[in-house]
Amino acid sequence: MAKVDKNEVLFERAQKTIPGGVNSPVRAFRQVGGTPRFITKAKGPYFWDAENKRYIDLIMSWGPMIVGHANPEVVEAVQRAAETSFSYGAPTEGEIELAERICAIMPSVEQVRMVSSGTEATMSALRLARGYTGRDLIIKFEGCYHGHADSLLVKAGSGLLTFADSTQNAPSSGGVPQDLVKHTLVLPYNDVAAIEEVFKKQGDQIAAVIIEPIAGNMNLIKPSTEFLSVIRNLTSKHGSVLIYDEVMTGFRVALGGAQSLQGITPDLTCLGKVMGGGMPMAAFGGKKEIMSKLAPLGSVYQAGTLSGNPVAVAAGLKTLEIISRAGFYECLTGQTEKLMTGLKQAADKANIPFVVDSVGGMFGFYFTSQIPTSYEAVTQSDIEAFKKFFHLMLDEGVYLAPSAYEAGFTSITHDNEVVDAIIAAAESSFKKL
Ligand SMILES: Cc1ncc(COP(=O)(O)O)c(C=O)c1O
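Scope of this entry: the structure provided in the associated data block. These figures come from a predicted structure and were not determined experimentally.

### Regarding helix α3 (residues 93–105)
Thought 1: With 13 residues, α3 extends 19 Å between its outermost C-alpha atoms, agreeing within 8% with the 18 Å of an ideal straight helix rising 1.5 Å per residue.
Thought 2: Inspection of α3 places Leu98, Ile102 and Ile105 among the buried residues, and these make up the whole buried set. All buried residues of α3 lie within an arc of 70 degrees about the axis, which places them on one face of the element. The outward face of α3, more than 90 degrees from its buried face, is lined by the exposed residues Glu93, Ile96, Glu100 and Ala104.

Below, the structure written as structure tokens:
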């Protein structure tokens, strides 16, 4: 009798009560095909599926698990917090400590409001920017994903890039009114002329420009220095709010996020992922002058039953403490670069067109011969080769993001042994491509 795979059994069962069998679309393996792995436990750089097969994890919960899974210090902090209840709906000292730590790490953030997801952070930051400026129009860039708030689901990356049949300026999702989307202008990433043109025509109507300062939702795409400085100058000149969506890059590409590497001071910053250490925790913050427009001080409403949740705060505080220790980012960056160099050499040996890039603990690899700089370019990479590579690596026990449009993530526990094992798996996989 053929052996029954427990992941398949769970997937069948999940699809009966959960749409598509998953609680977030990319988990369903739709782009790469096959059966999603159902995870039972994780430790450090590894997780195990329902068949008790071990994988080296290269998504790390899509970014948050930068200190490794089930880090003992974080587990202890969470256990201690949980013993005194999970939620109060009233303020706690821990929230102040977390806010103070964030403001100290990111000087552009003078005040910060905690929420429970990156989607809430970007949605609230936009509302605040609109309330502050009294304007409606926002600018976003092709292939950037800022969560699933209605007005941001236009040419949005990753999951939507994987699934949606999006045409220019049409919503990337069903259920989003065209009326809402008309307030969102979508421009190509890294296109200086396009943003100059829009500001020339409509600068005084633009409430905000929202950007992934290093894009991670159309694979990893870096901005040019000129692109960023033009955006900063134009938004300042026209009184528009510059929102850095650092939900992915914050505390991941460097302790102070992309803004610390780029020398840009945004007006508002959105944070998530790492700041909660794997718990539902996110935030938006920035200039006090803008943040003071939020309720209860100002007229822009924003609230949350579980905002600043004490267990999530405990996980976030401990995670931020660990990543602030001397040498953390040097080590993380070095290991990630070593991994990327190894993957590139393995592909070269097999004569496969393949390029790599990374910043801190975030990386991208592309089945093409030049590192892409736009959404357009990334969609021209060899997706069929990626799909085969994904499954070969999975068989070898390495879990990559199940889409060619996602960045990858390492942790401080991806040590030499782990990196060497991934490179060996890649050598064997490239040979079979
Ligand atoms: C840059 C960016 N912004 C916002 C979000 C939305 O965050 P969440 O999934 O926590 O709602 C994501 C999620 O991947 C993201 O990468």
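Further notes follow.
### Comments concerning the environment of Ala421
Thought 1: Position of Ala421 relative to the elements: it lies in helix α15 (residues 416–432).
Thought 2: You can call Ala421 partly exposed: it has 16 C-beta atoms within 10 Å.
Thought 3: Measuring from C-alpha to C-alpha, the distance between Ala421 and Val398 comes to 8.8 Å, with 23 residues separating the pair along the chain.

### Quick word on the nonpolar core
Thought 1: Counting residues in hydrophobic clusters, the biggest one holds 126 residues, and the most contacted among them are Ala129, Ile243, Ala283 and Val398.
Thought 2: Ranked by residue count, the leading element in this core is helix α11 (residues 310–323), at eight residues.
Thought 3: Viewed by domain, this core spans two of them, domain 1 (6–70 + 326–432) and domain 2 (72–323), each represented by three or more residues.

### Describing the site of the ligand
Thought 1: Residues in contact with the ligand amount to 16 residues; listed here are only the nearest, Ser117, Gly118, Thr119, Gly147 and Val247.
Thought 2: For the shell around the ligand, the leading source of residues is helix α4 (residues 118–133), giving three residues.
Thought 3: Residues that form the shell around the ligand fall into these classes: five nonpolar, nine polar and two charged.

### Quick look at the sheet that holds strand β2 (residues 46–49)
Thought 1: Strands sit in the order β1-β2-β3-β13 across an open sheet of four strands; the sheet is mixed. On the outer flanks of this sheet lie β1 (39–43) and β13 (398–399), each paired with one strand and no other.

### Observations concerning the packing of helix α14 (residues 383–395) against α15
For any two helices packed against each other, the geometry is given by the interaxial angle and the distance between the axes.
Thought 1: As a packed pair, α14 and α15 sit with axes 9 Å apart at the nearest point and diverge in direction by 135 degrees. It follows that α14 is oblique to α15 by the angle criterion. You can see that α14 and α15 cross each other, and the crossing is right-handed. For the pair α14 and α15, the contacting residues are Phe389, Leu392 and Met393 in the first and Ala425, Ala426, Ser429 and Lys432 in the second.
Thought 2: Here the residues of the contact of α14 with α15 are counted per class, giving five nonpolar, one polar and one charged.

### Notes on the packing of α3 against α11
Thought 1: It is at 9 Å that the axes of α3 and α11 come closest, and there the two elements cross at 35 degrees. The hand of the α3/α11 crossing is left-handed. Touching Gly94, Glu95, Glu97, Leu98 and Arg101 of α3 are Pro310, Val313, Ala314, Gly316, Leu317 and Leu320, all from α11.
Thought 2: Taken together, the residues of the contact of α3 with α11 sort by class into six nonpolar, two polar and three charged.

### Digging into unusual backbone geometry
Thought 1: Between Ala295 and Pro296 the backbone carries a cis peptide bond, its omega angle lying at 10 degrees.
Thought 2: Inspection of the secondary structure puts Pro296 in the loop between α10 (288–291) and α11.
Thought 3: Not every positive phi belongs to a glycine, and Met60 is a case in point at roughly 45 degrees.
Thought 4: Along the chain, Met60 falls in the loop between β3 (54–57) and α2 (72–82).
Thought 5: Given 27 C-beta atoms within 10 Å, Met60 falls into the buried group.

### Details of the sheet that holds strand β12 (residues 362–366)
Thought 1: Spatially, β11-β12-β14 is the arrangement adopted by the three strands of the open sheet, whose pairing is antiparallel. Strands at the two margins of the open sheet, each flanked by one partner only, are β11 (355–359) and β14 (408–409).
Thought 2: Pairing geometry for β11 and β12, over five bridges, is antiparallel. Within β12, the residue paired with Val356 across the bridge is Phe365.
Thought 3: In the packing of helix α12 (residues 328–349) onto the sheet, contacts are made with β11 and β12, and the angle to β11 comes to roughly 180 degrees.

Quick notes on the rules
Residues numbered from 1 in each chain as written. Predicted model: local features only at pLDDT ≥ 70, side-chain atom pairs only at ≥ 80, totals over all residues. Helix = DSSP H or I, 4+ residues; strand = E, 2+ residues; numbered from the N terminus. Expected span 1.5 Å × (residues − 1). Buried ≥ 20, exposed ≤ 12 C-beta atoms within 10 Å, placed from the backbone. Arc of directions from axis to C-beta. Core = buried A, V, L, I, M, F, W, Y, C linked by C-beta atoms within 7 Å. Domains from an automatic or database assignment. Near = placed C-beta within 6 Å. Nonpolar A, V, L, I, M, F, W, Y, C, P; charged D, E, K, R; others polar. Pairing = 2+ DSSP bridges. Axes fitted to C-alpha atoms, helices over the stretch in contact; angles between N-to-C directions. Parallel < 35°, antiparallel > 145°, perpendicular 65-115°, else oblique. Left-handed = near helix turned anticlockwise from the far one by under 90°. Contact = placed C-beta atoms within 7 Å.

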